[in-house]
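Descriptive structure summary
Chain by chain, the residues:
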Amino acid sequence: MSQEERAAKEGRHPKVSVCVITYNQVRYIRQCLESIVNQRTAFDFEVLVGDDCSNDGTDAIVREFGDRYPRLVTPILRPRHIGGTQNLLRVYAQAKGELIAHMDGDDYMLPEKLAIQAQELDRNSDCSMCVHAIRQFDEATSRYQTRSAHAFPRKGDLAFLLMHFPYFAHSSKMFRAECHDGLDAGVGEMLDCYFHVHHASRGKILYLPQLLGVYRVKAGMSTVSGPVMSPFRVPTPGMLELTIEAIEYAGRLGVAGELSVRAKAQTYFSYAYAHLI
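Residues numbered from 1 in each chain as written. Predicted model: local features only at pLDDT ≥ 70, side-chain atom pairs only at ≥ 80, totals over all residues. Heavy atoms only, no water.

**With respect to the environment of Gln31**
- Within the fold, Gln31 resides in helix 2 (residues 29-37).
- Remark: the alpha-carbon pair of Gln31 and Met109, spanning 78 residues in sequence, is separated by 9.0 Å.
- Filtering out sequence-adjacent residues up to four positions away, Gln31 remains in contact with Tyr108 and Arg216. (Helix = DSSP H or I, 4+ residues; strand = E, 2+ residues; numbered from the N terminus. Contact = heavy atoms within 4.5 Å.)

Listed below in structure tokens is the structure:
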């Protein structure tokens, strides 16, 4: 039975759709999914898990959770590898919630995440998305670190985002589903920040200083199959190119030319600086 048929049959209208994007993350996906199904909320939520034709056993764990939590977890298993961007877009398209919480399959939630973010978005109607502080776990050293959030405004806007790409982890993001409408997705792979630009064009970015999730550094992201922009990694030339593409998308959405020029200059500077230190 499809998600649409099941939702119609049960009369379900989940407030939040948790969209998990994964590919070959057998070492991490179980902890990710456990952290989601153990969330305690006063509202209904659903979990959509898009596995992009993994060949390491990730899909078996996704099926297991679908069997254990049939009303909560919906496995979406690709018969062939379609790439991270298309996997993400197709999972988002099946979401039924008024809010969408993005999760990469190598990260995991801390308790209260869904409840706190949904409550904050209910209280702040001028915000299109809500992000939060995270703990980062370095796979190379097996150590946890907390990234300082002292420079981040409680309510940022598209201009701040463009000048501080990206200042939050994708797995910390919850956004209003309606703000995804009208996305000019193009045909190739895109960075997370491309989606952030579109969603930030619809409202402010609410930043929470609470630690509500854990981000794995050097674990291999699942949002795109190629280069990935992250606040915790040294950028590659491919990441630089796709970041510039996201800034140009902001221009097509109406951002002033002067801001686009400044944002590109900042991006090139940050890229050069990261490779010098």
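**Topic: the pattern of salt bridges**
- Taken as a whole, this structure holds twelve salt bridges when the rule is applied.
- Put simply, Lys15 and Asp122 hold a salt bridge, and the shortest N to O gap is 3.2 Å. Of this pair, Lys15 sits in the loop between helix 1 (3-10) and strand 1 (16-22) while Asp122 sits in helix 5 (residues 113-123), and the two are 107 residues apart along the sequence.
- Its relative accessible area of 16% is what places Lys15 among the buried residues.
- One salt bridge connects Glu64 with Arg30, and the closest N-O pair in it is separated by 2.8 Å. Separated by 34 residues along the polypeptide, Glu64 in helix 3 (residues 58-68) and Arg30 in helix 2 bring together distant segments of the chain. (Salt bridge = Lys/Arg side-chain N within 4 Å of Asp/Glu carboxyl O. Buried < 20%, exposed > 50% of the residue type's maximum accessible area, 1.4 Å probe, protein only.)

**Some words on the nonpolar core**
- Ranked by internal contacts, the top residues of the largest apolar core, which has 45 residues, are Leu161, Leu162, Phe165, Tyr167, Val197 and Ile205.
- Of all elements in the fold, only strand 1, helix 4 (84-94), strand 6 (127-138), helix 6 (158-163), helix 7 (192-200), strand 10 (204-217), helix 8 (237-252) and helix 9 (257-276) reach the threshold of two or more residues within this core.
- It is helix 8 that provides the largest number of residues to this core, a total of seven residues.
- Aside from chain neighbours lying at most four places away, what touches Leu162 is Val197, Ile247, Ala250, Val255, Leu259 and Ala263.
- Residues Ile29, Ile36, Val73 and Leu208 belong to the second largest nonpolar core, which totals 30 residues. (Core = buried A, V, L, I, M, F, W, Y, C linked by side-chain atoms within 4.5 Å.)

**A few points about the pairing of strand 4 (residues 99-104)**
- Burial analysis of strand 4 places six of its six residues in the buried class, the great majority of the element.
- Going residue by residue along strand 4, you find Leu99, Ala101 and Met103 tucked away on one face and Ile100, His102 and Asp104 tucked away on the opposite face as well.
- Direction of pairing for strand 1 relative to strand 4: parallel, over a ladder of six bridges. Across the sheet, the residue bridging to Ile21 is Asp104, located in strand 4.
- Alignment of strand 4 against strand 9 (residues 174-176), held across three bridges, turns out to be antiparallel. (Pairing = 2+ DSSP bridges.)

**Quick word on the packing of helix 7 against helix 8**
- For the pair helix 7 and helix 8, interaxial distance at closest approach is 8 Å and the crossing angle is 15°. As judged from the angle between their axes, helix 7 and helix 8 are roughly parallel. Along this stretch, helix 7 crosses helix 8, giving a crossing that reads as right-handed. Where helix 7 approaches helix 8, its residues Cys193, Tyr194, Val197 and His198 are matched on the opposing element by Thr243, Glu245, Ala246, Tyr249, Ala250 and Arg252. (Axes fitted to C-alpha atoms, helices over the stretch in contact; angles between N-to-C directions. Parallel < 35°, antiparallel > 145°, perpendicular 65-115°, else oblique. Left-handed = near helix turned anticlockwise from the far one by under 90°.)

**Quick look at helix 5**
- All of the buried residues in helix 5 are Lys113, Leu114, Gln117, Ala118, Glu120 and Leu121. An end-on view of helix 5 places all buried positions within 160° of arc, on one side of the element. (Arc of directions from axis to C-beta.)

**Digging into the confidence of the model for the protein chain**
- On average, residues of the protein chain score 89 in pLDDT, and 87% of them reach the 70 mark or higher.
- Segment residues 1-9 is flagged for pLDDT under 50; beyond a separation of four residues in sequence, or across chains, it makes 13 contacts in the model.
- Under a pLDDT of 50 for its full length, residues 220-230 has, in the predicted model, 51 contacts with residues more than four places off or in other chains. (pLDDT = per-residue confidence, 0-100.)

**Here we look at unusual backbone geometry**
- A positive phi angle, close to 50°, is found at Asn24, a residue other than glycine.
- You can see Asn24 is positioned in the loop between strand 1 and helix 2.
- At Ser142, a residue that is not glycine, the phi angle is positive and equals roughly 60°.

**Here's the deal with the environment of Lys96**
- As for its position among the elements, Lys96 is in the loop between helix 4 and strand 4.
- When its relative accessible area of 34% is taken as the criterion, Lys96 is described as partly exposed.
- Put simply, Lys96 and Lys15 are 81 residues apart on the chain and 8.0 Å apart in space, counted from C-alpha to C-alpha.

**What about the environment of Ser172?**
- Secondary-structure assignment places Ser172 in the loop between helix 6 and strand 9.
- Taking the C-alpha atoms as reference, Ser172 lies 8.5 Å from Met109; in sequence the two are 63 residues apart.
- Not counting residues up to four positions away in its chain, the partners in contact with Ser172 are Lys113, Gln117, Cys130, Val131, His132 and Ile134.
- Separated by 2.7 Å, the side chain of Ser172 and the backbone oxygen of Ala169 make a polar contact. (Polar contact = N/O pair within 3.5 Å; in protein donor to acceptor, adjacent residues only side chain to side chain.)

**Details of the side chain of His102**
- The residue His102 is located in strand 4 in this model.
- Of the polar contacts made by the side chain of His102, one reaches the side chain of His170; its length is 3.3 Å.

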